[in-house]
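What follows is the residue order along each chain.
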Amino acid sequence: MSQVNALSSSRIAVLGYGSQGRAHALNLAESGLDVVVGVRKDGPSWQRAQADGLKVAEPAAAVRDADLVAVLTPDMVQPALYREAIEPNLKPGAVLLFAHGFNVHFKQISPRSDIDVVLVAPKGPGALVRSEYERGRGVPCLYAVHQDASGHAEQRARAYADGIGGGRALLIKTDFREETETDLFGEQAVLCGGASELVTKGFETLVEAGYQPEIAYYEVMHELKLIVDLFYEGGLARMLQFVSETAQYGDYVSGPRVVDAGVKARMKEVLRDIQDGTFARNWTAEYAAGLPNYQRLKQADLDHPIEQVGQKLRARMAWLQPEKSGAGSVSLKKAG
């Protein structure tokens, strides 16, 4: 049974109007809840929220009138936002809600003891949270309670998850530690760090062996989407159902040679750095220093030959650029 009515008489302030913020605010409003968006006055987000028909206010004012405050700004700006706009203005007994547990778990934010502190984390990007809601469906959500001052924190967290559509799909109870550490590990070891390194190292291996970079790009970058889509739709079983027996045999005998016990051991090192706070301390220090290493490493990725080749090839993929016509031809040169 829907628990949205647990917030039926509450004012909800959504701080931030990016991908998740916009989706949450619109879904909550369309679920019949009283929503105000807290953003910088007259900025692009302020104007967009107004154009979407939502009430807007500056963050401190939005918090002052709220019974639940959803913090949907980037991780690294949240501590200052909490100190300056939330902590001095949030009423006793209100709910402070996060979509990621980073700042609470790693004690960048120490919430007041007289409020509920909860987490609702949709397992999908904001665009999907919004589009699934509009279809009458929802995206599964994790939810957790860090602090229960009212005695009703879990009910209120579940009501919020219902309001954004999560209750239509699946709600999974967790805690701030588990959500934070598994999320960071997934990003670093598999989804972003692991996948990008696997792709670039595969590209380098083929090009260094004398194969054309354009063909290397297609084999290790472009076609990855086809496999990931199969994983997404039905896990390993669906992938194995749709690839050839030759590909399956190569999977079985060569996959463990590339991702071997040494890789798993290094994954455990990554996880330990997350668990003991090393990653959080390093990232916080990097942000405070103005992101010099972050910018250098990001630029190195953007300058990698796989990106130069990819830009040329993607320009000929009409399905990525529907406004253009004519695929044209690509000059392929043997790698020297």
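In this text the structure is predicted, and so the values were computed from the model without any measurement. (Residues numbered from 1 in each chain as written. Predicted model: local features only at pLDDT ≥ 70, side-chain atom pairs only at ≥ 80, totals over all residues. Heavy atoms only, no water.)

Asker: Help me understand the packing of aromatic side chains in this model?
Answerer: Between two aromatic rings, the relevant description is the distance of the centres plus the angle of the planes. The full count for this structure, using the stated rule, is four aromatic pairs. Ring geometry for Phe-102 versus Phe-106: centroids 5.2 Å apart, planes at 65°, classification edge-to-face. Each member of the pair, Phe-102 together with Phe-106, is buried. When the ring of Trp-283 is compared with that of Tyr-287, the centres are 6.2 Å apart and the planes differ by 70°; the resulting orientation is edge-to-face. One end of the pair is Trp-283 and the other is Tyr-287, both in helix H14 (residues 278–288) and four residues apart, which spans about a single turn. Taken together, the ring pairs connect Trp-283, Tyr-287 and Tyr-294 into an aromatic cluster. Residue placement shows Arg-168 over the ring face of Tyr-133; its charged tip is 4.2 Å from the ring centre. (Phe/Tyr/Trp six-rings, centres within 6.5 Å; stacked < 30°, edge-to-face > 60°. Buried < 20%, exposed > 50% of the residue type's maximum accessible area, 1.4 Å probe, protein only. Helix = DSSP H or I, 4+ residues; strand = E, 2+ residues; numbered from the N terminus. Lys NZ or Arg CZ within 6 Å of the ring centre and 35° of its normal.)

Asker: It is not clear to me how unusual backbone geometry should be interpreted in this structure. Could you clarify?
Answerer: Leaving glycine out, the prevailing phi sign among residues is negative, and the prevailing peptide bond configuration is trans. Phi is positive for Asp-42, which is not a glycine, with a value near 70°. You will see that Leu-291, though not glycine, has its phi angle at about 65°, which is positive. By the element assignment, Leu-291 lies in the loop between H14 and helix H15 (292–303).

Asker: I tried to follow the environment of Ser-254 on my own but got confused; where do I start?
Answerer: Mapped onto the secondary structure, Ser-254 falls in helix H12 (residues 245–258). Note: C-alpha distance between Ser-254 and Ala-318 (64 residues apart in sequence) is 34 Å.

Asker: Honestly, the nonpolar core in this entry has me stumped. Any pointers?
Answerer: The tendency in soluble globular proteins is for nonpolar side chains to be buried side by side. Residues Val-120 and Tyr-160 are the most contacted members of the largest nonpolar core, which totals 31 residues. No other element matches the five residues that helix H7 (residues 153–163) contributes to this core. Filtering out sequence-adjacent residues up to four positions away, Val-120 remains in contact with Leu-97, Phe-98, Ala-99, Cys-141, Leu-142, Tyr-143, Ala-157, Tyr-160, Ala-161 and Ile-164. Counting residues in hydrophobic clusters, the runner-up holds 26 residues, among them Ala-62, Ile-86, Phe-98 and Phe-176. (Core = buried A, V, L, I, M, F, W, Y, C linked by side-chain atoms within 4.5 Å. Contact = heavy atoms within 4.5 Å.)

Asker: Help me out: how do you make sense of the side chain of Thr-174 in this one?
Answerer: Mapped onto the elements of the fold, Thr-174 is located in the loop between strand E8 (171–173) and helix H8 (176–191). For Thr-174, a relative accessible area of 13% translates into the label buried.

Asker: Just to check I follow, could you spell out the packing of helix H1 (residues 19–30) against helix H6 (residues 126–134) for this structure?
Answerer: The relative placement of two packed helices comes down to the angle between their axes together with the axis-to-axis distance. Between H1 and H6, whose axes approach to 7 Å, the crossing angle comes to 20°. Taken together, the axes of H1 and H6 are roughly parallel relative to one another. Between H1 and H6 lies a crossing of left-handed hand. On H6, the residues touching Ser-19, Gln-20, Ala-23, Leu-26, Asn-27 and Glu-30 of H1 are Gly-126, Ala-127, Val-129, Arg-130 and Tyr-133. Of the residues assigned to the contact of H1 with H6, the class counts are five nonpolar, four polar and two charged. (Axes fitted to C-alpha atoms, helices over the stretch in contact; angles between N-to-C directions. Parallel < 35°, antiparallel > 145°, perpendicular 65-115°, else oblique. Left-handed = near helix turned anticlockwise from the far one by under 90°. Nonpolar A, V, L, I, M, F, W, Y, C, P; charged D, E, K, R; others polar.)

Asker: Explanation requested: the sheet that holds strand E2 (residues 34–38) in the structure shown.
Answerer: Sheet strands associate in pairs through backbone hydrogen bonding, adopting either a parallel or an antiparallel arrangement. A sheet is described by the order of its strands in space; here eight strands give the open sequence E3-E2-E1-E4-E5-E6-E7-E8, paired in mixed fashion. Strand pairing shows two members of the sheet lacking a second neighbour, strand E3 (55–57) and E8, which therefore form its edges. When the angles between neighbouring strand axes are averaged without regard to direction, this sheet yields 25°. Bridging between strand E7 (residues 141–147) and E8 involves three bridges; their strand directions are parallel. Bridge pairing links Tyr-143 to Lys-173 in E8. (Pairing = 2+ DSSP bridges.)

Asker: Quick question: what am I supposed to make of the side chain of Gln-248 here?
Answerer: Note on placement: Gln-248 falls in helix H12. In this structure Gln-248 touches Leu-240 and Val-243, once residues within four positions along its chain are discounted.

Asker: What is the right way to look at the environment of Gln-241 in this model?
Answerer: On the secondary structure map, Gln-241 appears in helix H11 (residues 224–242). For the pair Gln-241 and Ala-121, spaced 120 residues apart in sequence, the C-alpha to C-alpha distance is 32 Å.

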